[in-house]
Amino acid sequence: MQIITEPCQMQAVVEKLRLNRQLIAVVMTMGALHEGHLSLVKQARSLAGTVILTIFVNPKQFGPDEDFHRYPRPFELDASHAKAAGVDYLFAPSPEAIYPEGFQTTVQTGAVAEGLEGMKRPGHFNGVVTVVTKLLHITKPHIALFGEKDAQQLAVINRLVRDLNLDVRIIGAPIVREENGLAVSSRNIYLSKEQRESATVLFRGILHAEKELAAGRTDLAAIAGEIERMIAGEPECRPDYVCFVHDNDFMTAETAEPAREYRLLIAAYAGTVRLIDNRRFTT
Ligand code: AMP
């Protein structure tokens, strides 16, 4: 595995790979690699001859009160996980390499990025699509894989690729969970033992929705309210939002209609740690 830190060097490498007709897949992460990230690498490995993993803690997608400075950066460990998972190139640029002095051009998101995470984290998705656009231009992949764990991000990136005619195939990969149902996340390391137990309420909320919808209920807003109360009832937990949306455009859905696709989105705090989870439902 080769480690590359300079955008121009990465571009020179992919230029050669493309000339040699190599199929390139990229997995973009902020590091602190876990089973969720590695499942994306594994899928990438099965789809392409060359796998690039990017590690970049993107300052532009963190709000001023968020955890940019304390975000975990275990680079040596990440590199050994990446190598073991079969990554060919690890691209790990510095913030200065991605945003050199004078940087001023950004990509703006639209309606799909306005609610939910976009509302709670102003500027977040503009930061995401700006860096994703840059990393796509630097790594020039045929395929880019993203986790459904960040479902709104995936929808925003699909929109970006369609709207700007980016020549890449986006693949969404299923959420990897711990045995207790908690979605694997780099931020889970911040959780105490008790908070980790309480945090399983997000998954229990998903199971509640699954049961109620299977029983034929259509009152999505009421089910979301029940999940909020489940979260509020857990020690050290509080809901940030619980919401059903139409899966195609992420607009809020109050009542379910037959043969439609909805997505339940949950954001909640366990202590000071903000967690998200989601599940798609077909009625
Ligand atoms: P992050 O490092 O948090 O920016 O995540 C990098 C990529 O890994 C994103 O596409 C995430 O959606 C994906 N990812 C994070 N956690 C999981 C998980 N538990 N299961 C599947 N994909 C995940």
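Attention here is on the structure that accompanies the text. (Residues numbered from 1 in each chain as written. Predicted model: local features only at pLDDT ≥ 70, side-chain atom pairs only at ≥ 80, totals over all residues. Heavy atoms only, no water.)

Details of the side chain of Asp277
Consideration 1: Mapped onto the fold, Asp277 is located in strand β9 (residues 273–282).
Consideration 2: A relative accessible area of 4% means that Asp277 is categorised as buried.
Consideration 3: For Asp277, the side chain forms a polar contact with the side chain of Arg177, separated by 2.8 Å.
Consideration 4: Setting aside its immediate chain neighbours within four residues, Asp277 contacts Ile175, Arg177, Gly181, Ala183, Leu202, Phe203, Ile206, Leu264, Leu265 and Ile266. (Helix = DSSP H or I, 4+ residues; strand = E, 2+ residues; numbered from the N terminus. Buried < 20%, exposed > 50% of the residue type's maximum accessible area, 1.4 Å probe, protein only. Polar contact = N/O pair within 3.5 Å; in protein donor to acceptor, adjacent residues only side chain to side chain. Contact = heavy atoms within 4.5 Å.)

Let's talk about the nonpolar core
Consideration 1: Counting 45 residues, the largest nonpolar core has Met10, Ile52, Val132, Phe146, Ile170 and Phe250 as the members making the most contacts within it.
Consideration 2: Listing elements by their share of this core, those giving two or more residues are α1 (7–19), β2 (24–29), β4 (89–91), α6 (124–139), β5 (143–147), α7 (151–163), β7 (237–246) and β8 (261–270).
Consideration 3: Looking at which element gives the most residues to this core, the answer is α6, with eight residues.
Consideration 4: Of the domains in this structure, domain 1 (2–173) and domain 2 (186–282) are the two that each give at least three residues to this core.
Consideration 5: When near neighbours in sequence (up to four residues on either side) are disregarded, Phe250 contacts Val112, Leu116, Ala151, Gln152, Ala155, Val245, Arg263 and Leu265.
Consideration 6: Judged by nonpolar contacts, the second largest core, of 27 residues, contains Ile206, Ala253, Ala256 and Leu264. (Core = buried A, V, L, I, M, F, W, Y, C linked by side-chain atoms within 4.5 Å. Domains from an automatic or database assignment.)

Description of the site of the ligand
Consideration 1: By nearness alone, 15 residues border the ligand, and His37, Gly147, Asp150, Val176 and Val184 come closest of all.
Consideration 2: At 2.8 Å from an oxygen atom of the ligand is found a main-chain nitrogen or oxygen belonging to Gly147.
Consideration 3: Contact between the ligand and Val184: a nitrogen atom at 2.8 Å from a main-chain N or O atom of the residue.
Consideration 4: When the ligand is considered free in solution it has 480 Å² of accessible area, and contact with the protein chains removes 92% of it.
Consideration 5: If you list the elements that add at least two residues to the shell around the ligand, you get β2, α2 (35–47) and β5.
Consideration 6: The greatest single-element share of the shell around the ligand, amounting to three residues, is contributed by α2.
Consideration 7: Taken together, the residues of the shell around the ligand break down into eight nonpolar, five polar and two charged. (Near = heavy atom within 4 Å. Areas by Shrake-Rupley, 256 points an atom, 1.4 Å probe, with all protein chains shown as cover. Nonpolar A, V, L, I, M, F, W, Y, C, P; charged D, E, K, R; others polar.)

Considerations on the sheet that holds strand β6 (residues 169–173)
Consideration 1: One open sheet accounts for six strands, arranged β1-β4-β3-β2-β5-β6; its pairing is parallel. The open sheet has two edge strands with one neighbour each: β1 (2–4) and β6. Each neighbouring strand pair of the sheet contributes to a mean axis angle of 25°, computed without reference to strand direction.
Consideration 2: Sheet topology note: the strand β3 (residues 50–55)/β4 ladder contains three bridges and is parallel. Each residue of the ladder has a partner; that of Thr54, found in β4, is Phe91.
Consideration 3: On the sheet, α7 packs against β5 and β6 and is oriented at approximately 170° with respect to β6. (Pairing = 2+ DSSP bridges. Axes fitted to C-alpha atoms, helices over the stretch in contact; angles between N-to-C directions.)

Description of the side chain of Ser185
Consideration 1: If you trace the backbone, Ser185 turns up in the loop between β6 and α8 (193–198).
Consideration 2: Residue classification places Ser185 among the buried positions, given a relative accessible area of 14%.
Consideration 3: One polar contact links the side chain of Ser185 to the main-chain amide nitrogen of Arg187, over a distance of 3.0 Å.
Consideration 4: Dropping the residues within four chain positions of it, Ser185 is found in contact with His34 and Lys149.

A few points about the packing of aromatic side chains
Aromatic ring pairs: the centre-centre distance and the angle between the two ring planes describe each pair.
Consideration 1: If you walk through the whole model with that rule in mind, you get five aromatic pairs.
Consideration 2: Plain terms: the ring middles of Phe62 and Phe68 are 5.4 Å apart, the flat faces sit at 65° to each other, and that makes the pair edge-to-face.
Consideration 3: Overall, Phe62 belongs to the buried group, its relative accessible area being 11%.
Consideration 4: Site record: aromatic cluster; members linked through ring pairs are Phe56, Tyr99 and Phe103. (Phe/Tyr/Trp six-rings, centres within 6.5 Å; stacked < 30°, edge-to-face > 60°.)

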